[in-house]
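Listed below are the residues making up each chain.
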Amino acid sequence: MSALPSHARVVIIGGGAVGASALYHLAKAGWTDCVLLEKNELTAGSTWHAAGNVPTFSSSWSIMNMQRYSASLYRELGALVDYPMNYHVTGSIRLGHSKERLQEFKRVVGMGRYQGMDLDILTPDEMRGKYPFLETHELTGALYDPYDGDIDPAQLTQALAKGARDMGAKIFRFCPATGARREGEEWVISTPQGEIRCEKVVNAAGYYAREVGKWFGRDVPMMVMSHQYILFEEIPELAAWSKEAGHKLPLLRDVDSSYYLRQEKTGMNLGPYERNCKAHWVTPDDPMPDDFSFQLFPDDLDRLEWYLNDAVERVPILGTAGLSRMINGPIPYAPDGNPLLGPMPGVPNAFEACVFTFGICQAGGAGKVLAEWVTEGETEWDMWSCDPRRYTSFAADKDYCVAKGMEIYGHEYAMHFPKHAWPAGRNQKLSPIHDRIAALGAQFKPYNGWERANWYAQDGDDTSEASTQTWNREGPWRPRIEAECRAVAEAAGILDLPGFSRFRVKGEGATAWLSSLITGRVPKPGRIGLAYFSDNKGRIVTEMSVMMLAEDFFFLITAATAQWHDFEWLQKHLPENPVFTLEDVTETFSCQILSGPNSRAILADVCKADLTMPWLTHQPVEIAGRWCQLVRVSFAGELGWEIHTKVEDTAVIFDAVWAAGQRHGLKPFGMEALDSLRIEKGYRAWKGDLSTDYTILQGGLERFVDWTKPAFKGKAALERERQQGVTKRFVLLTVEAGDCDAPYMSTLWHDGKVVGETTSGNWGYRTGKSIALGMLRADLAQAGTQIEVEIYGERFKATVEPDGPLFDPNNERLRA
Ligand SMILES: Cc1cc2nc3c(=O)[nH]c(=O)nc-3n(C[C@H](O)[C@H](O)[C@H](O)COP(=O)(O)OP(=O)(O)OC[C@H]3O[C@@H](n4cnc5c(N)ncnc54)[C@H](O)[C@@H]3O)c2cc1C
């Protein structure tokens, strides 16, 4: 083996499928001066024992993108790099036991079609046609994915490694990274074979990622589960059928029973995600060993018994087979089950490509995404669902990670219903008035760990988890949300909003700096305004409110979940040696939204503010003897103020407003009502309507662009796009919907062709309409155009509404 070089542009720590793919894609991008360090042999972590299933299915757009890309790469990889490759595209049948499951499948068929994949729904008869050994009791239908298959994970890794080496990248096996330190602009990675310096470093250490992260001061939110599959001996009937058919059976996934069953040569492989699951290396009596290379946990058949019996009833020939071998290996989980792929939070020039739960089917796409992050600092697809910055520090808590990891694993195939809040790991961050609003009936959901009221139940309402197992609008919440919206529209509502992210910027040059980053104008002192941040391609990075206190002194306020992402964006774009300061003061402040026509009268009872000050202004006042900043904005689109307070004053101020409000019909309202109210105004939500999948101009945000500014980030790309014209455009649609409003990424149809997608949808109670926001082919984006929206497989008529709010188009209520 050649000697470890003293320097490389990028060092990747970990040689599983993901690390190898990252190296391959970096080399492919022309970054060949890259080194991969593997402590043992390639694949020694989770990769060697993986079953190697390669589905494309996902109800997440970005994960589907990654998996689709992987599948198409794997089809040609063997030939591309000249390496033998066992990749069987068998197709798969995903069984549905309920109406809701079929709705989910139909939605995925729509998303797949939009990504160029031809997925299909099967009836029980059609299932048996493809899978003759199948019993179809209790099934309502199935999803057929012709692209699904399985690959040999070791061959995949070796092929990627060979491809990378052939292009000039280097791999050092049996060369563990043992530490990392920062020297100047470089990372110095230590190994037993000496030190290697690099510009950028990638943590691809799989289930060891938490250990590696520590060297960078990063607490990786993750835990490790034990995951098993059972291999069966030859089943003569299957062998005979397969020989005659000339191919393998499609892979079967019984997602409601929670297992997959795959033909493995002439036998079978059964892999359950069991409810009675087991975490590993989480207690002091079960420490994580320094080295677990090529090792397995002891078999634990008892845990799988129920699943085995269920599978035998579904595919009786399995009952005739002898058990040949069990594999029980470690599999890492982040608290939401998605990988960590992107910039390492708070650490310069360091990246994560780790904690993959489906790292074989995602490796291809993950390598592409990682290489884009490293070489370009941005990715082709919006990858927020995998971005490590989606978690903040609370998520690294070990108990939290274990609780969430076990919950996700045990519900690996679960449907994620819009009104359902997963129960594990709750109450991480509570508002000071949590108990008060709980007593009012609040039904909570976490937002970046902060528990916020989603809606308010009344005595006798069904608030069980079971009631939320629906995609429908209708449910116990519906009359309550409607009443909350009505209170906001006709009297007043108050919403406690802890965890609003907030950054304080102060000092000479701060305003000029902000102006160079945002597309529009910086508001004048005393005013607040929305600001959009574009990347160099003109795409929407984020939206923040700028609360201007004085020249060169302002707060930037942004979504709770955007806290680390947005702060990093600001930090990354700081000038060299700035005179001004940028501070994350999220923990210091809180916010309550008071909205509705009576909000002025309520405030008049509790403070001496000048309540005639217009929309988009703010002022400091005292309520109950405590400082607060009254900000005249309303995401609900009514007369209203945000009351920004110190966290510790939340309760006193809430109590004063609440008491005064009782004379004016004040009611509490929750995030569900707020979402309904905002969509009627066409207000965009971050990482749905606003994402790097769209440019500022496509997003219909041109009124937030100040073309007269000499420069701002993204200006050149946006000017180019303005010249050429946008290809798609943001629209507000009213939909003649059925029982469900359009979820994110529902396809838009016109004249038998797919012409766009929704970015969010909800029912508007003030307008009495189902509303969707979305992106539509530019030539169709005119008011009055009739199109169709595909919602869970059914198409519904929709009308493009005039540009602007649907409710109160002239903003008279806001300005009242
Ligand atoms: C039983 C089982 C079945 C599975 N089946 C599937 C499946 O069908 N489809 C699917 O997509 N996924 C499957 N998975 C999950 C899959 O195995 C993992 O998601 C995937 O292997 C992760 O790849 P990785 O490269 O991220 O991590 P790993 O394969 O764990 O690679 C990390 C590497 O980093 C190395 N390393 C760690 N620390 C250091 C250090 N300090 N210095 C240098 N090197 C270091 C390790 O030795 C290891 O080789 C399965 C998992 C299990 C347990």
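Only a predicted model underlies this, so the values are computations on that prediction, with no experimental measurement involved. (Residues numbered from 1 in each chain as written. Predicted model: local features only at pLDDT ≥ 70, side-chain atom pairs only at ≥ 80, totals over all residues. Heavy atoms only, no water.)

### Quick notes on the environment of serine 92
Here is step 1: Looking at where serine 92 falls in the secondary structure, it is placed in strand β5 (residues 92–96).
Here is step 2: On the basis of relative accessibility, which here comes to 2%, the residue serine 92 falls in the buried class.
Here is step 3: The spatial distance from the C-alpha of serine 92 to the C-alpha of leucine 639 is 53 Å, given a sequence separation of 547 residues.
Here is step 4: If sequence neighbours within four positions are ignored, serine 92 has contacts with Leu143, Tyr144, Asp145, Asp148, Pro250, Leu251 and Arg253.
Here is step 5: At 2.7 Å, the side chain of serine 92 and the side chain of aspartate 148 are in polar contact. (Helix = DSSP H or I, 4+ residues; strand = E, 2+ residues; numbered from the N terminus. Buried < 20%, exposed > 50% of the residue type's maximum accessible area, 1.4 Å probe, protein only. Contact = heavy atoms within 4.5 Å. Polar contact = N/O pair within 3.5 Å; in protein donor to acceptor, adjacent residues only side chain to side chain.)

### Some thoughts on the sheet that holds strand β8 (residues 149–151)
Here is step 1: An order of β3-β8-β4 is seen for the three strands of this open sheet, with the pairing classed as antiparallel. Since the sheet does not close on itself, it has two edges, and those belong to β3 (53–54) and β4 (87–89), each with one partner.
Here is step 2: Relative to β8, β3 is paired through two bridges, and the arrangement is antiparallel. Pairing of valine 54 across the sheet is with glycine 149, part of β8.
Here is step 3: Docked against the sheet, helix α2 (residues 61–81) engages β3, β4 and β8, running at close to 125° with respect to β4. (Pairing = 2+ DSSP bridges. Axes fitted to C-alpha atoms, helices over the stretch in contact; angles between N-to-C directions.)

### Thoughts on the packing of aromatic side chains
Here is step 1: Under the definition given, this model contains 29 aromatic pairs.
Here is step 2: The interplanar angle of 35° and the centroid separation of 5.3 Å between the aromatic rings of tryptophan 471 and tyrosine 792 together place this pair among those described as tilted. In this pair, tryptophan 471 is assigned in the loop between β22 (450–456) and α12 (477–490) and tyrosine 792 in the loop between β38 (786–791) and β39 (794–800), connecting sequence segments 321 residues apart.
Here is step 3: The exposure class of tryptophan 471 is buried, given its relative accessible area of 9%.
Here is step 4: For the pair phenylalanine 553 and phenylalanine 555, a centre-to-centre distance of 6.3 Å together with 45° between the ring planes defines the contact as tilted. (Phe/Tyr/Trp six-rings, centres within 6.5 Å; stacked < 30°, edge-to-face > 60°.)

### Quick word on the pairing of strand β2 (residues 34–37)
Here is step 1: Here β2 shows a buried face lined by Cys34 and Leu36 and a second buried face lined by Val35 and Leu37.
Here is step 2: Looking at chain direction, strand β1 (residues 7–13) and β2 are connected through four bridges and run parallel. Paired with valine 11 across the two strands is valine 35, which belongs to β2.
Here is step 3: You can see the chain leave β1, run along helix α1 (residues 17–28) and come back into β2, and the turn it takes is right-handed.
Here is step 4: Sheet topology places β2 next to strand β9 (residues 170–172); three bridges connect them, and they run parallel. Bridge pairing in β9 places valine 35 opposite lysine 170. (Right-handed = clockwise from strand over helix to strand, strands pointing away.)

### Thoughts on the layout of surface pockets
Here is step 1: For the second largest pocket, the calculated volume is near 800 Å³.
Here is step 2: If you go around the second largest pocket, you meet 32 residues; those closest to its centre are Pro343, Arg389, Glu568, Trp569 and Lys572.
Here is step 3: Of all elements in the fold, only β20 (350–354), α9 (359–376) and α14 (563–572) reach the threshold of two or more residues within the lining of the second largest pocket.
Here is step 4: Per element, the largest residue contribution to the lining of the second largest pocket is five residues, and it comes from α14.
Here is step 5: For the lining of the second largest pocket, the per-class residue count stands at 13 nonpolar, seven polar and 12 charged. (1 Å grid on protein atoms, 1.4 Å probe; cavity = no way out; pocket = protein on both sides within 12 Å on 5 of 7 lines; lining within 4 Å. Points joined across faces, edges and corners; volume = space filled by probe spheres on them. Nonpolar A, V, L, I, M, F, W, Y, C, P; charged D, E, K, R; others polar.)

### Considering the site of the ligand
Here is step 1: Around the ligand sit 36 residues, and of these Glu38, Thr47, Asn53, Phe356 and Gly359 come closest.
Here is step 2: Backbone polar atom of alanine 51 to a nitrogen atom of the ligand: 3.0 Å apart, as the coordinates give it.
Here is step 3: One of the backbone N or O atoms of glycine 52 is found 3.0 Å from an oxygen atom in the ligand.
Here is step 4: Relative to its unbound accessible area of 1000 Å², the ligand is 98% covered by the protein chains.
Here is step 5: If you list the elements that add at least two residues to the shell around the ligand, you get α1, β13 (223–232), β18 (323–333) and α9. (Near = heavy atom within 4 Å. Areas by Shrake-Rupley, 256 points an atom, 1.4 Å probe, with all protein chains shown as cover.)

### A look at the side chain of serine 590
Here is step 1: Of note, serine 590 is situated in strand β29 (residues 589–595).
Here is step 2: Ignoring sequence-local partners within four residues, the contact set of serine 590 consists of Leu497, Pro498, Arg502, Ile643, His644, Thr645, Lys646, Val647 and Thr650.

### Comments concerning unusual backbone geometry
Here is step 1: Even without being glycine, serine 258 reaches a positive phi, approximately 80°.
Here is step 2: Mapped onto the elements of the fold, serine 258 is located in the loop between β14 (251–254) and β15 (259–264).
Here is step 3: A positive phi angle, near 45°, is found at asparagine 577, a position not held by glycine.
Here is step 4: One can find asparagine 577 in the loop between α14 and β28 (581–584).

### A look at the sheet that holds strand β31 (residues 626–631)
Here is step 1: The strand order β30-β31-β32-β29-β23-β33 describes an open sheet built from six strands, whose pairing is mixed. The sheet is open, and its two borders are formed by β30 (618–623) and β33 (666–668), each paired with just one other strand. Across this sheet, the average inter-strand angle for adjacent strands is 30°, counted without regard to direction.
Here is step 2: In this structure, β31 lies alongside strand β32 (residues 640–646), joined through four bridges in antiparallel fashion. Each bridged residue has a counterpart across the sheet, and for leucine 630 the counterpart in β32 is isoleucine 643.
Here is step 3: Across the sheet, α12 lies against β23 (492–496), β29 and β33, angled at about 120° from β23, the strand it touches most.

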